Each structure stands twice: as structure tokens, then as C-alpha cells.
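A look at the structure
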Amino acid sequence: MSGRGNDYWVTVSWKPTDPWAVTLSIPHSTSPVDWLLARDLLWSGLNIPTGSGDVRIEPVTARDLDDEDQIEIRLYGRRNARCAHLIVTRRDLWEFLQATKAHFPDARDTARAGIDAEIARLLARPTAAPGEEAT
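Now for a quick tour of the structure. Numbering of residues begins from 1 in every chain and follows the order in which that chain's sequence is written. For this predicted model, a pLDDT threshold of at least 70 governs which residues receive local features, and a threshold of 80 or more governs which side-chain atom pairs are given and counted, while totals over whole chains, interfaces and linings are taken from all residues. Note: side-chain values were computed over all heavy atoms of the structure, leaving out hydrogens and water.

Looking now at the overall build of the protein. Of regular secondary structure, the protein possesses three helices and seven strands. Across the protein, helices and strands are ordered from the amino to the carboxyl terminus as β-β-β-α-β-β-β-β-α-α. Exposure classes here rest on a 1.4 Å probe applied to the protein chains alone. A residue is buried below 20% of its type maximum, exposed above 50%, and partly exposed in between. Counting only residues that meet the buried cut, the protein has 21% of its 135 residues in that class. By sequence separation, contacts in the protein at least 24 residues apart represent 26% of the contacts at least 6 residues apart. Where helices and strands are cited, they refer to DSSP runs of H or I of at least four residues and of E of at least two residues respectively, numbered from the N terminus. Contacts are residue-level and defined by heavy atoms, with any inter-residue pair within 4.5 Å sufficient.

As C-alpha cells, then:
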């Protein structure tokens, strides 16, 4: 069964303390329902269909010169029984993601630096010959 549901304003938020996640807060009768999405998933969804399972994101090209390109975000509930179908302009989503990047531009570099530091620490440890203990 397909048809038009209710229109709601969805709140999209991001915190520098959790740079990899974006929260979509959807109004509900008693309290908002929050969906946590990977920020990289939204970045990918700007250009190609992405996601699987509960979250699917797909760019949609404008059909008319007066329209803007859009991004469709579908959030599926238990056993795909219900679906929240969100539509945002590509420009608005891109601007939001750019704003998150401005607050934490080097998230990947920071993560990589942590890995590089750990590898350097491990390589700097003295190694023992078989049967000996390292000091």
C-alpha cells in the first residue's frame, strides 16, 4: 500500500563530540523518535544510492528546471512494516554536511593519526627472540 503520509519538520543535528554521527529527530505523538545515521552515509547519498537494511539514501535529479535536486532518505522500522520517507534538497544537505566539516575538518586524519601513533608505539617496543622475554 502506498500513499501520502503526514508532513513533519525533522530536526537534523550533529555534535563535534560524536563526529561520525548525525541524528534525525522525527516528531511523534509522545516524544521524538531519533535515528542515528553515519555522517559518511549521508555524504555518499549526495551522489549515489547508498545504504541497506533500515536506512536507504538516494539522490533524485530534478525533473523540472524550476526544481532542485533532492535527496530521499528512507528509514524502515521492524520488518520493513513502516517507513519514514524524508526528502531534503541536495543543496541543504550538502550545506549541513559542510558545516559539520568546518567544526571537525580532520576527523579522518585524527583517526588515522591515532592508528599511526599506535603502530609507531608497537614498532618501537623491543622484541624478544623466540623463548626469551622482552624487556
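Next comes the rest of the write-up.
What follows concerns the side chain of E72. Structurally, E72 can be placed in strand β6 (residues 70-76). Identification of polar contacts relies on pairs of N or O atoms within 3.5 Å, with a donor-acceptor requirement for protein atoms, meaning one able to donate a hydrogen and the other able to accept it, and with residues adjacent in sequence counted only if both atoms are side-chain atoms. Side-chain polar atoms of E72 contact the side chain of R74, separated by 3.1 Å. If near-sequence neighbours (up to four positions away) are discounted, E72 is found in contact with R56, I57, E58, V60, H85, L86 and I87.

Okay, the nonpolar core next. Counting residues in each nonpolar core, the largest one holds 16 residues, and the members touching the most others are L24, L42, I73 and L75. Of all the secondary-structure elements, those providing two or more residues to this core are β2 (21-26), β3 (33-38), β5 (55-60), β6 and α2 (90-103). By convention a nonpolar core is built from buried Ala, Val, Leu, Ile, Met, Phe, Trp, Tyr and Cys residues, the set being connected through side-chain atoms within 4.5 Å.

Another point: the pattern of salt bridges. Here the idea is simple: oppositely charged side chains can pair when their charged atoms come close. A pairing counts as a salt bridge when a side-chain nitrogen of Lys or Arg comes within 4 Å of a carboxyl oxygen of Asp or Glu. Under the counting rule described, the total for this entry stands at three salt bridges. Residues R91 and E68 are paired through a salt bridge, measuring 2.8 Å at the closest nitrogen-oxygen approach. Of the two residues, R91 is situated in helix α2 and E68 in the loop between β5 and β6; the sequence distance between them amounts to 23 residues. It is possible to trace a salt-bridge network through shared partners that takes in E68, R91 and D92.

Further remarks concern the sheet that holds strand β7 (residues 83-89). Backbone hydrogen bonds are what pair the strands of a sheet, in a parallel or an antiparallel way. Strands are treated as partners if at least two bridges between them are detected by DSSP. Read from one edge of the open sheet, four strands run β4-β5-β6-β7, paired in antiparallel fashion. Two strands lie at the open edges of the sheet, namely β4 (50-52) and β7, each paired on one side alone. Direction aside, neighbouring strands of the sheet carry axes that sit 20 degrees apart on average. As paired elements, β6 and β7 share seven bridges and run antiparallel to each other. Residue pairing for β7: I73 is matched across the bridge by L86. The axes are straight lines fitted to the C-alpha atoms, using for helices just the contacting stretch, and the angles between their N-to-C directions are given from 0 to 180°. On top of the sheet, α2 reaches β6 and β7; it is set at about 85 degrees to β7, its chief contact.

The sheet built from three strands is open, its strands ordered β1-β2-β3 with antiparallel pairing. Across the chains shown, the open sheet's two edge strands, defined by having one partner strand only, are β1 (11-14) and β3. Along the sheet, successive strands turn relative to each other by an average axial angle of 25 degrees, direction set aside. Here four bridges tie β1 to β2, and the two strands are oriented antiparallel to one another. Opposite W14, over in β2, you have V22 as the bridge partner. Relative to the sheet, α2 contacts β1 and β2, its axis offset from that of β1 by approximately 20 degrees.

These figures capture arrangement, not role.
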